[in-house]
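# Summary of the model geometry
What follows is each chain in one-letter form.
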Amino acid sequence: MTRKLPATDVVIIGLGWTGSILAHELTGAGLNVVAIERGPWRDTATDFPPAFAQDELRYHIRHDLFLRPAQQTMTFRNNVNQTALPIRAWQGFMPGNGVGGGGLHWNAQTWRFNPTDFQLKTHLTQRYGSKFLPENMTIQDWGVTYDEIEPYYDKFEYLCGTSGKAGNLNGQKQAGGNPFEGPRSREYPTPPQRQPYAAVLFAQAAKELGYFPFPQPSGNLSQAYTNPLGVTLGACTFCGFCEWFGCGNYSKASPQTTILPALIRQPNFEARTNCEVVRINLDKSGKRATGVTYIDTSDQEWEQPADLVLLCAFQLFNVQLLLTSGIGKPYNPSRNEGVIGRNYSYQVTSNVDAFFDDKNFNPFISSGSIGMCIDEFNGDNFDHGPHGFVGGGYMGAVQTGGRPILTTRTPPGTPAWGAQWKKAVADNYLSSYETMVHASSYSYRDVYCDLDPTYTDRLGRKLMRITFDFHENELKMSQYLTDRLAEVVQKMGPRQIVKLPRTGPYTSTQYQTTHTCGGAVMGTDRSISAVNRYLQSWDVPNLFVMGATAFPQNAGYNPTDTVCALAYWAADAIVNQYLKNPGPLVQT
Amino acid sequence: MTLVFSTTSAGALVVKGSLPWTPNAGDPPTAVLPGPWVYFIPEEGAAIEALVDRLIPPDPQTPGGKDAGCAVFIDRQLAGSYGSAEGLYMRGPFANGTPQQGDQSPLTPAVRYRQALAALDKYCRATFAGKSFAQLPDDQKDKVISGLEEGSATLDGADGKMFFAQLLTNTREGFFADPVYGGNRDMVAWKMIGFPGARYDYRDWVDRHNERYPLPPVGFAGRPGWVRQGP
Ligand SMILES: Cc1cc2nc3c(=O)[nH]c(=O)nc-3n(C[C@H](O)[C@H](O)[C@H](O)COP(=O)(O)OP(=O)(O)OC[C@H]3O[C@@H](n4cnc5c(N)ncnc54)[C@H](O)[C@@H]3O)c2cc1C
Ligand code: SF4
């Protein structure tokens, strides 16, 4: 039997990055906020102190901090002609679980998108003509501009204390920063991290080729920092156990190290952990959310009524909950109709490995966001005309650790086992290095999410089905970008390099990133977007959907700076517009 | 015996007013103790020791998989949450998919090892005049392993190629994981490659470029020189 709880002003589904930001902003505005989180409470001293945080087997190989697929997973297929099968163990991406969400075990690479990324369709069509885009590509503008969300990027970076060097301050180019970035209103809160050997060599090589290398913007802090909420972070110690791990030093920006200590003191905030929201409830009209239903660990069902529902469950679960709750029209690719599940996108990474004779990189001295990068080949920073593809990415020397189970790089041709393998691992561990391209993934008509017809979760609900493959445009892009990266790496003087461009078909068995995007995208046209420019549901105006769910396509950068800037932008709209006059913020 | 799974079993909790601290709430890993097999029967244990010692053979500087403890590591992992596929999605229907769809087997790792080792034993005894894998000379052992790797040695009642891949993965895990899990004994694998282990602070070293880091590795339990000897 479902037990009904007293109503609250706001219910937040998921207490990760966006949930924490919204909870802090809305409790600050005087609202009563209840956050419901599927996983456990987690904190530095109790869950990943430096006495055992650096455990590659437990955290990286056995996924201790992540969601258990037994609790929730998806099915996957490359195309509509295949039968989707369940992802039984995570490999391709790693959904977070528990307070902090992905923000707990991310790398903290904190990138802004380019101004043109937000008006992608308009920009590319103007520059190259509409015929230049592949026929099935469904990229679109965001309905919000870089200039509009710049203050909110700034707000998130100052929350985190991000370490970096501006390349563009109010339109003035700055030496040592990224010359291609959009204008920043002020410098990064803290200076860049110091760089290990390989990154410095890469930057020298890039300069010799006429590029403008700069330090990767990092949420692994270069020095102690106290944020506007009064929460203090320490300096990163380059422990090399960063992404997939919690930070034992309070030096990686996360909800735990930037918001929660302040949020929890708000008397109008309450979190319920190990409680999974199973659906968003609607009234009879179907146009108003009445709250959520969730289950606790003893499978007791609870109803939490609320005036405002904020879906902050991470891209995948946001889309899944919309589909399961029957909110918005599900996307149908053959009819090209509907919006929920439409424009799913991802990321296209690739690598160049290099083997040296005379170098010692001490790869274990690293951090999740360390490295030197170039941005010449991102977005539309270069002329795509001659190349026949669109999109791009940043590239650089960004190896984030030397954790030995997974860092046993050997030259091509080495057997996978035996004496030769053992010797090759011993010979190359300190003197080889992996460089990387982090590139865009644009959206297509035949790439989407819907509900699976066969597989169900432990509660009997349909799993979400992902239909995804790379398209020729992305594979061409990956080849071109990997070749450019290889030229820089070659200049570093290696004995041998190995180019590893991304090739198709996409496989759910190889980790690239956890930057799944889209499925309920933002926009100005209801027929091709699920939420308006303030992330408010077109169909249910007292529901806002956060996260990379809103990205109409993914750019050649990591998503979270943009995800969290949009969360602040939406919070601002809720506090300053919606609360005064609850209803649609954009009229259709 | 869980070995690595921990933090999901807690019950639902309401958090309000202050951070939910409990003294000594940390959840350090449980150390594997030496001693008899926990999951393997003796014949399986002998075969695994022989296998891991060919996958990572001993050399004058560094012990092989067997003396490094890889077989003990695998035994304890199979007896714990890994072996029972705890936390994985194990609902049917089970169907074979494309390689891009990942492992779809209904068998847990513990059962896969049991079936594959029995099948391997049958294969070896039939092919090599009644000898088990562990009784073969090294060059014949290597041929059998290559056969599994390439898929040319067909096992009756098990997928040899899949078993090879899993065994190799688990052997490397045991070799390079913290010694607390039973492999990488005395941090031999870390010494072999120059990895300093469970250290956490390299601020003094990040810009000492192209220099060899001088300190020896440490594990969660410190290192031999730190531990008191005797009662
Ligand atoms: C290993 C890794 C490395 C990454 N590195 C980077 C990086 O360097 N740079 C970058 O920009 N991004 C990175 N990311 C991505 C980043 O973590 C996410 O973009 C970010 O956390 C998204 O914020 P969110 O609030 O949308 O989701 P999360 O922060 O993941 O929060 C979602 C929360 O909702 C909870 N939840 C889900 N479903 C339910 C439900 N039904 N009921 C209740 N609660 C629910 C989840 O448990 C989770 O706590 C990385 C991710 C991973 C996994
Ligand atoms: S690399 Fe730095 S920020 Fe990352 S976990 Fe280690 S100390 Fe923390």
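Read on for an overview of the structure. (Residues numbered from 1 in each chain as written. Chains lettered and ligands numbered in written order. Predicted model: local features only at pLDDT ≥ 70, side-chain atom pairs only at ≥ 80, totals over all residues. Heavy atoms only, no water.)

Moving on, we come to the overall build of chain B. Secondary structure summary: chain B contains seven helices and one strand in total. Counting from the amino terminus, helix and strand elements in chain B follow one another as β-α-α-α-α-α-α-α. Its C-alpha atoms give chain B principal-axis dimensions of about 65 × 50 × 45 Å. Buried residues in chain B amount to 47% of all 231 residues. Here the analysis covers contacts within chain B between residues at least 6 apart in sequence; of these, 59% occur between residues at least 24 apart. On chain B, roughly 11100 Å² of surface is accessible, and the fraction owed to carbon and sulfur atoms is 54%. Side-chain charges of chain B comprise 22 positive and 25 negative groups, with the mean position of each set lying 3 Å from the other. (Helix = DSSP H or I, 4+ residues; strand = E, 2+ residues; numbered from the N terminus. Buried < 20%, exposed > 50% of the residue type's maximum accessible area, 1.4 Å probe, protein only. Contact = heavy atoms within 4.5 Å. Areas by Shrake-Rupley, 256 points an atom, 1.4 Å probe, with all protein chains shown as cover. Lys, Arg positive; Asp, Glu negative; His and termini not counted. Charge placed at Lys NZ, Arg CZ, Asp CG, Glu CD.)

All names here are of chain B. Contact pair helix 1 (residues 42–55) / helix 6 (residues 160–176): the axes reach a minimum separation of 10 Å and the direction vectors enclose 75°. What the angle tells us is that helix 1 and helix 6 run roughly perpendicular. Taking contact as the criterion, the partners of Ile48, Leu51, Val52 and Leu55 in helix 1 are, on helix 6, Phe163, Phe164, Leu167, Leu168 and Thr171. In the contact of helix 1 with helix 6, the residues fall into eight nonpolar, one polar and no charged. (Axes fitted to C-alpha atoms, helices over the stretch in contact; angles between N-to-C directions. Parallel < 35°, antiparallel > 145°, perpendicular 65-115°, else oblique. Nonpolar A, V, L, I, M, F, W, Y, C, P; charged D, E, K, R; others polar.)

Contacts between the two partners involve 93 residues from chain A, matched on the other side by 88 residues from chain B. Here chain A meets chain B over a buried area of about 7500 Å², counting both sides, of which 60% is carbon and sulfur. On the chain A side of the interface with chain B, the three residues burying the most area are Arg88(A), Trp417(A) and Lys422(A), jointly 13% of the side's total. In this structure, the connection of chain A to chain B is made through four salt bridges. The shortest N-O distance in the salt bridge between Arg194(A) and Asp207(B) comes to 3.2 Å. Run the count over chain A and chain B and you get 38 residue pairs in polar contact (both at pLDDT 80 or more). Counting only elements with at least two residues in the side of chain A that touches chain B, the list comes to helix 2 (44–47), helix 3 (56–61), strand 4 (74–77), strand 5 (85–86), helix 6 (197–208), strand 11 (269–273), helix 10 (418–428) and strand 20 (448–456) of chain A. The residue makeup of the side of chain A that touches chain B, split by class, is 48 nonpolar, 25 polar and 20 charged. In this structure, strand 11 of chain A lies alongside strand 1 (residues 13–15) of chain B, joined through three bridges in antiparallel fashion. By the bridge assignment for strand 1 of chain B, Arg272(A) is matched with Val14(B). (Buried area = accessible area lost by both parts, 1.4 Å probe. Salt bridge = Lys/Arg side-chain N within 4 Å of Asp/Glu carboxyl O. Polar contact = N/O pair within 3.5 Å; in protein donor to acceptor, adjacent residues only side chain to side chain. Pairing = 2+ DSSP bridges.)

Turning our eyes to something else, we now look at the site of ligand 2. Taken together, 14 residues are adjacent to ligand 2, and Cys236(A), Cys239(A), Cys242(A), Cys247(A) and Asn249(A) come closest. More than one chain approaches ligand 2, the contributing ones being chains A and B. A class-by-class count of the residues in the shell around ligand 2 yields six nonpolar, seven polar and one charged. (Near = heavy atom within 4 Å.)

Residues and elements named next belong to chain A. The biggest cluster of nonpolar side chains holds 234 residues, and the ones touching the most others in it are Phe93 and Leu310. The leading source of residues in this core is helix 12 (residues 560–578), at twelve residues. If we skip the residues at most four places from it in the chain, Leu310 touches Val10, Val11, Ile12, Ile13, Leu22, Leu26, Phe544 and Ile574. (Core = buried A, V, L, I, M, F, W, Y, C linked by side-chain atoms within 4.5 Å.)

All names here are of chain B. For the coordinates displayed, the defined rule picks out 41 salt bridges over all chains. As a salt-bridge pair, Glu44 and Arg114 come within 2.8 Å of each other at their nearest N and O atoms. Of this pair, Glu44 sits in helix 1 while Arg114 sits in helix 4 (residues 109–127); the two residues are 70 residues apart in sequence, bridging distant segments of the chain. By relative accessible area, Glu44 is classed as buried at 8%. Look at Arg114 and you get partly exposed, because its relative accessible area is 31%.

The next point concerns the sheet that holds strand 4 of chain A. Residue and element names in this part refer to chain A. The four strands are arranged 5-4-21-20 in an open sheet whose pairing can be described as mixed. The sheet terminates laterally at strand 5 and strand 20, the two strands that pair on one side only. Pairing of strand 4 with strand 21 (residues 462–467), which is carried by four bridges, proceeds in the parallel orientation. Counted as the bridge partner of Thr75 is Arg465 from strand 21. With respect to the sheet, helix 9 (residues 315–325) is in contact with strand 4, strand 20 and strand 21, its orientation differing from that of strand 21 by roughly 120°.

All names here are of chain A. Lining the immediate environment of ligand 1, one finds 37 residues, of which Thr18, Glu37, Gly98, Gln109 and Thr560 sit closest. Interatomic distance of 2.9 Å between a backbone N/O atom of Gly98 and an oxygen atom of ligand 1. Contact between ligand 1 and Thr560: a nitrogen atom at 2.6 Å from a side-chain N or O atom of the residue. In the complex, the protein chains occlude 98% of the 990 Å² of accessible area that ligand 1 would expose alone. When contributions to the shell around ligand 1 are tallied by element, the ones reaching two or more residues are helix 1 (17–28), strand 12 (276–282) and helix 9. Looking at side-chain class alone, the shell around ligand 1 contains 16 nonpolar, 18 polar and three charged residues.

Attention now goes to the environment of Leu543(A). Residue and element names in this part refer to chain A. Tracing the backbone through its elements, the reader meets Leu543 in strand 24 (residues 543–545). Assessed through its relative accessible area of 0%, Leu543 is described here as buried. In sequence terms Leu543 and Val231 are 312 residues apart; their C-alpha atoms lie 30 Å from each other. With sequence-adjacent residues up to four places away left out, Leu543 is seen in contact with Ile280, Val309, Leu311, Leu322, Ile327, Leu535, Gln536 and Ser537.

Before going further, it helps to spend a moment on the packing of helix 4 of chain B against helix 6 of chain B. Residue and element names in this part refer to chain B. Their axes nearest at 11 Å, the elements helix 4 and helix 6 cross at an angle of 120°. With respect to their mutual orientation, helix 4 and helix 6 come out oblique. Crossing geometry of helix 4 relative to helix 6 is assigned as left-handed. The residues of helix 6 that touch helix 4, namely those facing Pro109, Arg112, Tyr113, Ala116 and Leu117, are Met162, Phe163, Gln166, Leu167 and Asn170. (Left-handed = near helix turned anticlockwise from the far one by under 90°.)

Moving on to the packing of aromatic side chains. Inspection of every chain in the model, using the stated rule, returns 52 aromatic pairs over all chains. With a centroid separation of 5.8 Å and 75° between ring planes, the pair formed by Trp111(A) and Phe214(A) is classed as edge-to-face. One end of the pair, Trp111(A), is in the loop between strand 5 and helix 4 (120–128); the other, Phe214(A), is in strand 8 (residues 214–215), with 103 residues separating them in the sequence. Here the aromatic rings of Trp190(B) and Phe195(B) are separated by 5.3 Å at their centres, their planes lie at 80°, and the arrangement is edge-to-face. In this pair, the class of Trp190(B) matches that of Phe195(B), namely buried. For the cation-ring pair, Arg484(A) lies above Tyr480(A), with the distance from its terminal atom to the ring centre recorded as 4.6 Å. (Phe/Tyr/Trp six-rings, centres within 6.5 Å; stacked < 30°, edge-to-face > 60°. Lys NZ or Arg CZ within 6 Å of the ring centre and 35° of its normal.)

Turning our eyes to something else, we now look at the state of the cysteines. Residues and elements named next belong to chain A. Counting across every chain of the model gives zero disulfides over all chains. Left unpaired, Cys275 is separated from the closest cysteine sulfur, that of Cys312, by 16 Å. On the basis of relative accessible area, Cys275 is assigned to the buried category, the value being 4%. Between Cys373, a cysteine without a disulfide, and Cys242, which holds the nearest cysteine sulfur, the sulfur-to-sulfur distance is 15 Å. (Disulfide = S-S within 2.5 Å.)

Below, the discussion takes up the side chain of Asp47(A). Within the secondary structure, Asp47(A) sits in helix 2. Buried charge without a salt bridge: Asp47(A), with Arg42(A) as the nearest opposite-charge side chain at an N-O distance of 4.5 Å.

Looking at the element boundaries, Ser218(A) is found in the loop between strand 8 and strand 9 (225–226). Within polar-contact distance, the side chain of Ser218(A) engages the side chain of Gln193(A) at 3.0 Å.

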